[in-house]
There are 2 protein chains.
Amino acid sequence: MNTKLLAACLALAFGAGAGYALNAWAQVRPDVLVKQRQAVMILHGKYWYRHLRPTGQGKIPYDANLVARNVGFLDALSQMPWDGFDPSTKDAKSAALPAVFTDTAKFNEVRDQFRGEVVKLVAATKGGDEAAVKAQILAVNKACDGCHENFRQRQ
Amino acid sequence: MNTKLLAACLALAFGAGAGYALNAWAQVRPDVLVKQRQAVMILHGKYWYRHLRPTGQGKIPYDANLVARNVGFLDALSQMPWDGFDPSTKDAKSAALPAVFTDTAKFNEVRDQFRGEVVKLVAATKGGDEAAVKAQILAVNKACDGCHENFRQRQ
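Notes on the structure follow. Remember, predicted model here, so these are calculated numbers, not experimental data.

Reading the values: the criteria
- Residues numbered from 1 in each chain as written.
- Chains lettered and ligands numbered in written order.
- Predicted model: local features only at pLDDT ≥ 70, side-chain atom pairs only at ≥ 80, totals over all residues.
- Heavy atoms only, no water.
- Helix = DSSP H or I, 4+ residues; strand = E, 2+ residues; numbered from the N terminus.
- Buried < 20%, exposed > 50% of the residue type's maximum accessible area, 1.4 Å probe, protein only.
- Contact = heavy atoms within 4.5 Å.
- Areas by Shrake-Rupley, 256 points an atom, 1.4 Å probe, with all protein chains shown as cover.
- Phe/Tyr/Trp six-rings, centres within 6.5 Å; stacked < 30°, edge-to-face > 60°.
- Least-squares fit on C-alpha atoms with pLDDT ≥ 70 in both.
- Buried area = accessible area lost by both parts, 1.4 Å probe.
- Salt bridge = Lys/Arg side-chain N within 4 Å of Asp/Glu carboxyl O.
- Nonpolar A, V, L, I, M, F, W, Y, C, P; charged D, E, K, R; others polar.
- Core = buried A, V, L, I, M, F, W, Y, C linked by side-chain atoms within 4.5 Å.

1. Notes on the overall build of chain A
Part 1 of the reasoning: Along chain A, the regular secondary structure elements total 6 helices and 0 strands.
Part 2 of the reasoning: Moving toward the C terminus, one meets the helices and strands of chain A in the order α-α-α-α-α-α.
Part 3 of the reasoning: For chain A, the residues scored as buried account for 42% of the 155 residues in total.
Part 4 of the reasoning: Put simply, of all contacts in chain A between residues at least 6 apart along the chain, 72% involve residues at least 24 apart.
Part 5 of the reasoning: Total accessible area on chain A is roughly 8300 Å²; 56% of this is exposed by carbon and sulfur atoms.

2. Re the packing of aromatic side chains
Residue and element names in this part refer to chain B.
Part 1 of the reasoning: Taken as a whole, this structure holds 12 aromatic pairs over all chains when the rule is applied.
Part 2 of the reasoning: A ring pair is formed by Tyr 47 and Phe 73, whose centres lie 5.0 Å apart and whose planes are at 70°; its orientation type is edge-to-face. Placement of Tyr 47 in helix H2 (residues 30-56) and of Phe 73 in helix H3 (residues 64-77) is noted, with a sequence separation of 26 residues between them. Pair check on accessibility: Tyr 47 and Phe 73 agree, each one buried.
Part 3 of the reasoning: Here the aromatic rings of Phe 107 and Phe 151 are separated by 5.2 Å at their centres, their planes lie at 65°, and the arrangement is edge-to-face. Of this pair, Phe 107 sits in helix H5 (residues 104-127) while Phe 151 sits in helix H6 (residues 130-151); the two residues are 44 residues apart in sequence, bridging distant segments of the chain.
Part 4 of the reasoning: For Phe 107, a relative accessible area of 4% corresponds to the buried category.
Part 5 of the reasoning: Under the relative-accessibility criterion, Phe 151 is labelled buried at 4%.

3. Examining the relation of the copies chain B and chain A
Part 1 of the reasoning: Superposing chain B onto chain A takes a rotation of 180° plus a shift of 0.0 Å along the axis, which leaves an RMSD of 0.0 Å. Accordingly, the operation relating the two chain copies is best matched by a two-fold axis. Every residue of chain B has its C-alpha some distance from the rotation axis, and the shortest such distance is that of Ala 39 of chain B, at 2.2 Å.
Part 2 of the reasoning: A share of 100% of interface residues in chain B that are also interface residues in chain A marks the association as one of identical surfaces.

4. Thoughts on the interface of chain B and chain A
Part 1 of the reasoning: Across the boundary between the two partners, chain B contributes 30 residues, which contact 30 residues of chain A.
Part 2 of the reasoning: Buried surface at the junction of chain B and chain A, both sides included, amounts to about 2800 Å², of which 66% is carbon and sulfur.
Part 3 of the reasoning: On inspection of chain B and its partner chain A, the count reaches 2 salt bridges.
Part 4 of the reasoning: Across the salt bridge formed by Lys 46 of chain B and Asp 83 of chain A, the nearest N and O atoms sit 2.7 Å from each other.
Part 5 of the reasoning: Put simply, the parts of the chain that give the side of chain B that touches chain A at least two residues each are H2 and H3 of chain B.
Part 6 of the reasoning: Ranked by residue count, the leading element in the side of chain B that touches chain A is H2 of chain B, at 11 residues.
Part 7 of the reasoning: A class-by-class count of the residues in the side of chain B that touches chain A yields 19 nonpolar, 6 polar and 5 charged.

5. Examining the side chain of Ser 78 of chain B
Part 1 of the reasoning: Secondary-structure assignment places Ser 78 of chain B in the loop between H3 and helix H4 (99-102).
Part 2 of the reasoning: Excluding its chain neighbours within four sequence positions, the residues that come into contact with Ser 78 of chain B are His 44, Phe 114, Arg 115 and Val 118 of chain B.

6. With respect to the nonpolar core
Part 1 of the reasoning: With 25 residues, the main nonpolar core has Leu 52, Leu 74, Val 100, Phe 107, Phe 114, Leu 121 and Val 140 of chain B as its most contacted residues.
Part 2 of the reasoning: Those elements that place two or more of their residues in this core are H2, H3, H4, H5 and H6 of chain B.
Part 3 of the reasoning: Of all hydrophobic cores here, the second largest spans 24 residues; its members include Phe 114, Leu 121, Val 133 and Ala 143 of chain A.

7. Remarks on the environment of Gln 38 of chain B
All names here are of chain B.
Part 1 of the reasoning: Turning to its location among the elements, Gln 38 is positioned in helix H2.
Part 2 of the reasoning: Along the sequence, Gln 38 and Asn 70 sit 32 residues apart, while their C-alpha atoms lie 19 Å from each other.
Part 3 of the reasoning: For Gln 38, the residues in contact, after removing those within four places along its chain, are Lys 93 and Ser 94.

This is how it looks when you write it as structure tokens:
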């Protein structure tokens, strides 16, 4: 069997990002992929900076219903950007540093750490313990930095 | 009691869009609100045109896991844009027609129809009947048009 093809199949089946892929039929332009992943970041920002983070920091009143809704949104959003970091986008204009495409193992590691902390936040929110939810919001915030500090241009 | 204040409180508690508001503390610039609601539409497009709609139309193979994941994403996304259509954005550059702000009752009606069809799609996906899911995808598609045909510039 063609080893390149085998490698491609294995990557598709078992690659770290396989769970984030959209489908195998779609060929999407690099600039569209960038726009889509940037859209996710804009929406992360909407719910994170305006509500979840200040809630975790105790800067605004704790609204359990709103926290549950916005953590649900974050649960969805935090799965969406990754297939947008396709190798075809490495020369497209964006704030992503070249390391995204040269140090993919590390990039995937911080991605998985971030996603893992979000999954824990979803669980904490269902548990209903306000202090635990707030602490986990701060853990997610730290995990955001894991990517932003090493893989994104300073803004 | 001040009747204006009472009206404002009632609108906050029972207004049609109350469930979509982010929080009462944040004051966000109109151009940011537009960018955020456009980000939602970009992501609707990602999952709708590349996967869910062609699945409903039978143009690509039915992948139950991917359908469940993407319908989950749609469930979240379909709640996100509405607070972005704030009256403060009525003069901001976007594809939204003035009718969004002059015929708000009708806009909210098609919004609720769309959201209602998405909720039915979530239920159908959990039911696991492929034909029912495909039919409901087409119902959602029709509901998208309810807004796009009357409240968005032709593109």
